[in-house]
Amino acid sequence: MALDTQKIIDDLKDASILELNDLVKAIEDEFDVKAAAPVAAAGAAGGDAAAEKDSFDVELTEAGQEKVKVIKEVRGITGLGLKDSKDLVDGAPKVIKEGVAKADADDMKAKLEAVGATVTLK
């Protein structure tokens, strides 16, 4: 049986954070592995690389006009419940995710801005 790679990718895109977390745990248990982020060697690169920021805080600056859509995106990003997500959006400006990689932070920012929110990466 051949793997349908595109179907798997599509299924992962549609999955919630909790479903993805359960998937990772199941894979770890089934194959006796650990999904750990690789640790970069500190100081291995020159001074320019040290000046480059490698983790960002994603701050919701303003919810905008489509507050319900923003709450849904915040729920998807953070995995929080509806009430906690609503409180976070209502309390803007608030940091919704800390210490995120550049690519992930840009992705979160794009998703939130697509529904009308104003987002700042710090």
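Note that the structure is predicted; figures quoted are calculated from it, not measured.

Draft legend 1. Structural detail: the side chain of serine 85. Take serine 85: it is sitting in helix α5 (residues 82-90). Judged by its relative accessible area of 0%, serine 85 falls in the buried class. The contacts of serine 85, once residues within four sequence positions are left out, are Ile71, Val74, Arg75, Thr78 and Leu80.

Draft legend 2. Region of the structure containing the sheet that holds strand β1 (residues 56-62). Strand order in the open sheet made by the 3 strands is β2-β1-β3, with antiparallel pairing throughout. The open sheet has two free edges, formed respectively by β2 (94-100) and β3 (118-121), since each of these has just one partner strand. Each strand axis lies, on average, 20° off the axis of its neighbour in the sheet, ignoring direction. Summarising the sheet, β1 and β3 pair through 4 bridges and their orientation is antiparallel. Residue pairing for β3: valine 58 is matched across the bridge by leucine 121.

Draft legend 3. Structural view of the nonpolar core. Residues Val70, Val89 and Leu112 are the most contacted members of the largest nonpolar core, which totals 18 residues. When contributions to this core are tallied by element, the ones reaching two or more residues are β1, α4 (67-78), α5, β2 and α6 (102-114). With 4 residues, the top contributor of residues to this core is α4. Leave out the neighbours within four places in its chain, and leucine 112 touches Val70, Glu73, Val74, Ile77, Ile96, Ala117 and Val119.

Draft legend 4. Broad picture of the packing of α4 against α6. Viewed as axis vectors pointing N to C, α4 and α6 meet at an angle of 160°, and their least axial separation amounts to 9 Å. Between α4 and α6, the crossing angle belongs to the class labelled roughly antiparallel. Our pair here, α4 against α6, has a crossing hand that is right-handed. In contact with Val70, Glu73, Val74 and Ile77 of α4, α6 contributes Met108, Lys111 and Leu112.

The rules we used
Residues numbered from 1 in each chain as written. Predicted model: local features only at pLDDT ≥ 70, side-chain atom pairs only at ≥ 80, totals over all residues. Heavy atoms only, no water. Helix = DSSP H or I, 4+ residues; strand = E, 2+ residues; numbered from the N terminus. Buried < 20%, exposed > 50% of the residue type's maximum accessible area, 1.4 Å probe, protein only. Contact = heavy atoms within 4.5 Å. Pairing = 2+ DSSP bridges. Axes fitted to C-alpha atoms, helices over the stretch in contact; angles between N-to-C directions. Core = buried A, V, L, I, M, F, W, Y, C linked by side-chain atoms within 4.5 Å. Parallel < 35°, antiparallel > 145°, perpendicular 65-115°, else oblique. Left-handed = near helix turned anticlockwise from the far one by under 90°.

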